[in-house]
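# Fold and geometry: a report
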Amino acid sequence: MTARETHIGQGVIVAAVTVVAVAVFSVLLDGFATLANAVVLVRSVSVLGILATGMAIVVIARGLDLSQVATMAATSAWALKLMPGGLPLWAALLAGLVLALLIGLINGALIAYVEMPALFVTLAMGFLIFGAVRTGLLGGDMLVYLPESAKSLQILGQEGIFGIPIPVFVFATMAAAAHFLLSATSIGRFIYAHGDNAETARLTGIPVRPLTLLEYALCAATGYVAGLIMAASSASVDLRIINSTLNFDAILVVVLGGISLSGGRGGIGSVLAGTALIGTLLNGMVIMNLSAEVQNIVKGLVLLGAILLDNALHPTDEEVMRQGDI
Amino acid sequence: MIGTTMRTLLAGALAAGTLVAGASSLPASAGAEEALGASRAAVEARRRFNAAFEGKTIAFVPITMGVPLTITWKDTIEREAGKLGMKFVLRDPNLDMGAMTQAVSALIGERPDVMVVHNPSVQLLAKLLKKAEKAGIHVVQINMASNTPTSAYVGADFYRIGKETAEDIVTQCGAGSGRSGKVAIVEGDPTSSVSMEQVTAAKAVFAAHPDIQVVSSQPGYWDANKAREITASVLTQHPDLCATYGVWGIMQLGAGQAIKEAGLTGKVLNYSNGGGPQIICDSIKAGLIDKYWSFDAKLQGHDIMTAVKMILQSGAAPGDLRTVLYSDTRMITAENADGACWQMPGQ
């Protein structure tokens, strides 16, 4: 039980840091502490939060998915590309989801059955998806626009209910569903067991390999949902996002909130705490009009701080070390 | 010294070869044409023109294919070079800076006659372009300049676009306009010449007008989503914002979405520029962008080939010429948006 208690420790620390940051910004920055800005703040990190929700499941199971953003962009771009081709909206959306699940299953199979390290499988898969989908399914396009016929999809990104933008609702729903899965179902307990000690989990009869397939499929599917939200927000999918740091930002959020890279610890509360801190920092820095370099310094320091804290709270020892660990 | 001597010898040998080839092909064709009434001068001109390009190679290295600008450039270069009898080579680094430097290094080894490059930053290819010129390759830079000048830069005059945009913003938002004078700038990648020149020019104009206040100048890294997020934050801080100026249209569509979400369409002016693909004209008509400086990408493709024609006929060695061909620009607004943009090749 000590492990569980320490993760709560980190989540609480991050939440506390967030509260301090909010307090400082509220005093120093005019217009930070307003309802409108709070909405903008949460809205701006909702895509990141959705990605982190999927990433959390994989990291809790002591995995890692470096192909999540490639999956996100490629599958949502393909769905958009299918829409003007006469395919009904629902069919195009379903096709994108099927592709995302397929990518997740391949990731999971390579990791679980071929026993390759997740780091390398997903890294390579990211390149493969980017190249294969772009040349094979998108006709070489880097930019795919939301077609006129699918303007209804823009509701997802541009409308709100009672002033709360829909992406925030989607994030909340995904987070609630993931929380339910992880804390109230036996599959959720299995995922924790898998991350805590895969060998023991297998010995106690947990089907660890099929479970791995499920974890990566869920992560890829959340990536797809995030991709649709992004596509609806800007009426386009820009594959250049794959070359950005977004995938690492999602991992940053997860680790920051106290989901240890050594697995088995943390929960969706950690994702919320991490997302809140990143959102607050980004929003505050934009309002302060800080330069790109300073923003990078702050982000880098926060990530280093989080990993230091993770290391201090969950030191790696011979018992939990594994080949291919990062 | 040895290198120079060798090169002189080589150039001499090449020239002699060309002369012999020219001389051997001249009588038959010239005779036939002359018999049909063509002047000797015209025949000579055509022979010289053809000899300058036939069998030569032109290589194109964009930052990535798959975006409207590069697709259009490639389409025009490939078509026009084909007509000249030149071989066209494309290297697509797919946005990977490492792959781009490798592609250019490999091309230096392959010695094409002309290399057309699209610099993601002012520094990335600076050393390699020098090396390419030393290796005897003419380098044409397209739209995004490097710190190293080469035979030609073909592309928009981003300093001028920045200045003109800022001056328009001053008349729309400055003293006497009855507006707040608040302006937000969405930069691109801060290390790219496109972003640097526009932002420098615009800030210089704004600095001379105390009635204009730049409330935000943040990098959007060419990403529409980032532009949307930044603009949404700025609009909550400054709902009375007068104008937002993004250094690239496709990215600035995100700012347009943020303005629309905030219900401020028409109240906050959205300024941008770019190569003018159809999606931009559609967006201007939908009110997402108000004023757009278009440097027509199709014309730019043609300008690239004009530069290549001049360079190869001039007989100048790589490194001798330092020319600039700024693209023509026109302003697109909702009034003239019909037919002002181009469809992508193949659409």
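Before going into details, it helps to say that this report is about the structure given with it. Fair warning: this is a prediction, and the values are worked out from it, not measured in the lab.

With a phi angle near 60°, A:R62 is a residue other than glycine that sits in the positive phi range. If you trace the backbone, A:R62 turns up in the loop between α3 (46–60) and α4 (68–82). Note on A:R62: relative accessible area 12%, which makes it buried. If you check the backbone angles, B:W222 has positive phi at about 65° while not being a glycine. Position of B:W222 relative to the elements: it lies in the loop between β7 (213–219) and α8 (224–237).

On to the packing of aromatic side chains, then. Residue and element names in this part refer to chain A. Going through the model one piece at a time under the given rule, you end up with six aromatic pairs over all chains. Relative to F32, the ring of F25 has its centre 5.3 Å away and its plane inclined at 55°; by these criteria the two rings are tilted. Here the two residues F25 and F32 agree in accessibility, since each one is buried.

Residues and elements named next belong to chain B. Of all five residues in strand β4 (residues 138–142), five are buried; the element is thus mostly enclosed. Neither face of β4 is exposed, since H138, V140 and I142 on one face and V139 and Q141 on the opposite face are all buried. Here strand β3 (residues 114–117) pairs with β4 via four bridges, running parallel. The partner of V116 across the bridge, within β4, is V140. Handedness of the crossover is the feature at issue here: the chain leaves β3, passes through helix α5 (residues 126–134), returns alongside β4, and the resulting connection is right-handed. Bridge analysis of β4 against strand β5 (residues 152–155) gives three bridges, and the strand direction is parallel. Bridging from a neighbouring strand, V140 pairs with A152 of β5.

Turning to a nonpolar patch on the surface, a few remarks are in order. Residues and elements named next belong to chain A. Taken together, the side chains of V20, V24, V27 and L28 make up a nonpolar region of the molecular surface, amounting to roughly 400 Å² of accessible area. If you trace the backbone, V27 turns up in helix α1 (residues 2–28). Under the relative-accessibility criterion, V27 is labelled exposed at 67%.

Here we take up the pairing of strand β2 (residues 87–90) of chain B. Residue and element names in this part refer to chain B. Sheet topology places strand β1 (residues 57–61) next to β2; four bridges connect them, and they run parallel. Note on β2: the bridge partner recorded for F60 is L90. The β-α-β motif built from β1, the intervening helix α3 (residues 68–83) and the parallel element β2 has right-handed crossover chirality.

What follows deals with helix α6 (residues 118–136) of chain A. Residue and element names in this part refer to chain A. End to end, α6 covers 25 Å across 19 residues, agreeing with the expected 27 Å (1.5 Å per residue, within 8%). Within α6, the full set of buried residues consists of A118, V121, T122, M125, G126, I129, F130, V133 and R134. Each buried residue of α6 lies within a common arc of 160° when the element is viewed along its axis, so the set occupies one face. For α6, the exposed residues lying more than 90 degrees away from the buried face are F127, L128, T135 and G136.

Turning next to the side chain of B:S294. Among the secondary structure elements, B:S294 is positioned in strand β10 (residues 291–295). Setting aside anything within four residues of it in sequence, one finds B:S294 in contact with B:G274, B:G275, B:G276, B:D328, B:T329, B:R330 and B:I332.

Turning to the interface of chain A and chain B, a few remarks are in order. A common way to report how large an interface is uses the accessible area buried once the components associate. Contact residues are listed per partner, giving 34 residues for chain A and 34 residues for chain B. In this structure, the connection of chain A to chain B is made through two salt bridges. As a salt-bridge pair, A:R43 and B:E261 come within 3.6 Å of each other at their nearest N and O atoms. Counting the contacts that link chain A with chain B gives 14 residue pairs in polar contact (both at pLDDT 80 or more). When residues of the side of chain A that touches chain B are traced back to their parent elements, those giving at least two are α2 (35–44), α6, β1 (143–145), α7 (154–158), α11 (208–234), α13 (268–287) and α14 (292–313) of chain A. The dominant element in the side of chain A that touches chain B, judged by the number of residues it contributes, is α2(A), at five residues. Taken together, the residues that form the side of chain A that touches chain B break down as 15 nonpolar, 13 polar and six charged.

What follows covers the packing of helix α8 (residues 166–184) of chain A against α11(A). Residues and elements named next belong to chain A. At a minimum axis distance of 11 Å, the contact between α8 and α11 shows a crossing angle of 170°. In terms of their interaxial angle, α8 and α11 are classed as roughly antiparallel. Between α8 and α11, the contacting residues are P167, V170, M174 and L181 on the first element and L218, T222, V225 and I229 on the second. For the contact of α8 with α11, the class distribution of residues is seven nonpolar, one polar and no charged.

Calculation criteria
- Residues numbered from 1 in each chain as written.
- Chains lettered and ligands numbered in written order.
- Predicted model: local features only at pLDDT ≥ 70, side-chain atom pairs only at ≥ 80, totals over all residues.
- Heavy atoms only, no water.
- Helix = DSSP H or I, 4+ residues; strand = E, 2+ residues; numbered from the N terminus.
- Buried < 20%, exposed > 50% of the residue type's maximum accessible area, 1.4 Å probe, protein only.
- Phe/Tyr/Trp six-rings, centres within 6.5 Å; stacked < 30°, edge-to-face > 60°.
- Pairing = 2+ DSSP bridges.
- Right-handed = clockwise from strand over helix to strand, strands pointing away.
- Patch = residues over 30% accessible without salt bridge, like charges linked within 9 Å, V, L, I, M, F, W, Y side chains within 5 Å.
- Areas by Shrake-Rupley, 256 points an atom, 1.4 Å probe, with all protein chains shown as cover.
- Salt bridge = Lys/Arg side-chain N within 4 Å of Asp/Glu carboxyl O.
- Expected span 1.5 Å × (residues − 1).
- Arc of directions from axis to C-beta.
- Contact = heavy atoms within 4.5 Å.
- Polar contact = N/O pair within 3.5 Å; in protein donor to acceptor, adjacent residues only side chain to side chain.
- Nonpolar A, V, L, I, M, F, W, Y, C, P; charged D, E, K, R; others polar.
- Axes fitted to C-alpha atoms, helices over the stretch in contact; angles between N-to-C directions.
- Parallel < 35°, antiparallel > 145°, perpendicular 65-115°, else oblique.

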